[in-house]
Amino acid sequence: MTPAQRTTLSFLDLALIMTGVMAMIASVGDRHPAVAEAFSESFGQDKAARAQQVRLKLASLFEPQEARLTASGRQALAALGGKNRQAEFAIAVPVVAATGASRLDRWELAAARTAAIMRVLADQGVTDGAMLPDLARPGGGPAAADDKVRITIRAAGAAKQ
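Right, let's walk through the structure included here. Treat the numbers as computed from the prediction; the structure is a model and nothing was measured.

**A short note on the sheet that holds strand 1 (residues 52–57)**
- If you walk across this open sheet you meet the four strands as 1-4-2-3, and the pairing is mixed. In the strand order of this sheet, the two ends are held by strand 1 and strand 3 (131–133), each with one partner. Across the sheet, the axes of successive neighbouring strands diverge by a mean angle of 20 degrees, strand direction being ignored.
- One ladder, built from six bridges, connects strand 1 with strand 4 (residues 148–155); its direction is antiparallel. Across the sheet, Val54 pairs through a bridge with Ile151, a residue of strand 4.

**Section: the environment of Val120**
- Mapped onto the secondary structure, Val120 falls in helix 5 (residues 106–123).
- Along the backbone, Val120 and Gly82 are 38 residues apart, and their C-alpha atoms lie at a distance of 10.0 Å.
- Here Val120 is in contact with Leu69, Arg74, Leu77 and Ala78, once residues within four sequence places are set aside.

**Some details on the nonpolar core**
- Counting residues in hydrophobic clusters, the biggest one holds 26 residues, and the most contacted among them are Leu77, Phe89, Ile117 and Ile151.
- Elements supplying a minimum of two residues to this core: strand 1, helix 3 (58–61), helix 4 (71–83), strand 2 (87–92), helix 5 and strand 4.
- In terms of residue count, helix 5 provides more of this core than any other element does, five residues in total.

**As for the environment of Val95**
- Considering the arrangement of structural elements, one finds Val95 in the loop between strand 2 and helix 5.
- Placed 11 residues apart in sequence, Val95 and Arg106 show a C-alpha to C-alpha distance of 5.8 Å.

**So, helix 4**
- For helix 4, with 13 residues, the first-to-last C-alpha span of 18 Å sits near the 18 Å given by 1.5 Å per residue.
- When we look at burial in helix 4, the residues that qualify are Gly73, Leu77, Ala78, Leu80 and Gly81. Seen from one end, helix 4 has its buried residues packed into an arc of 160 degrees, which puts them on one side. Opposite the buried face of helix 4, by more than 90 degrees, sit the exposed residues Ala71, Gln75 and Lys83.
- At its buried positions, helix 4 is contacted by strand 1, helix 3, strand 2, helix 5 and strand 4.

**Notes on the pattern of salt bridges**
- Within the structure shown, the criterion is met by three salt bridges.
- The salt bridge partner of Glu63 is Arg68, with a shortest N-O separation of 3.1 Å.
- Owing to a relative accessible area of 29%, Glu63 belongs among the partly exposed residues under this scheme.
- You can call Arg68 partly exposed: its relative accessible area is 45%.
- Glu66 serves as the salt-bridge partner of Arg68, at 3.5 Å between the closest nitrogen and oxygen.
- Judged by its relative accessible area of 13%, Glu66 falls in the buried class.
- The structure contains a network of salt bridges with shared partners spanning Glu63, Glu66 and Arg68.

What counts, and at which threshold
- Residues numbered from 1 in each chain as written.
- Predicted model: local features only at pLDDT ≥ 70, side-chain atom pairs only at ≥ 80, totals over all residues.
- Heavy atoms only, no water.
- Pairing = 2+ DSSP bridges.
- Helix = DSSP H or I, 4+ residues; strand = E, 2+ residues; numbered from the N terminus.
- Axes fitted to C-alpha atoms, helices over the stretch in contact; angles between N-to-C directions.
- Contact = heavy atoms within 4.5 Å.
- Core = buried A, V, L, I, M, F, W, Y, C linked by side-chain atoms within 4.5 Å.
- Buried < 20%, exposed > 50% of the residue type's maximum accessible area, 1.4 Å probe, protein only.
- Expected span 1.5 Å × (residues − 1).
- Arc of directions from axis to C-beta.
- Salt bridge = Lys/Arg side-chain N within 4 Å of Asp/Glu carboxyl O.

Right, dumping it as structure tokens:
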């Protein structure tokens, strides 16, 4: 085989490998948390270190088109914070389209609701450094239900996925 043929063959091998990787990435799509969890289970991640996800309906947590917590919403969040004072919290509030008149636009509303959740958790003894507003993918993306707040709780110091 000539050097030119070896170079061509190497290039074609690399192109096929890259095509395969791109196909794998495309097939994962919005399911990346599920894929990451499957990988962690395959490699024997300790169940105690695994993150717990809690999904709470916006309607049960907040007054309509407001960042004010309902009494039941405040109790639910206080219970989460009280049981997990030493844990780390990632909070993702969905950015939803307004269904009625509101004094806040949809992004302001999501930010204010996130702050309200963090305030309740802080009142229960969760430290500021243990709460992370998940603003990169608010609400978990298009595949997630638009009307649920996602709170991920993991043991303090646990490796993040």
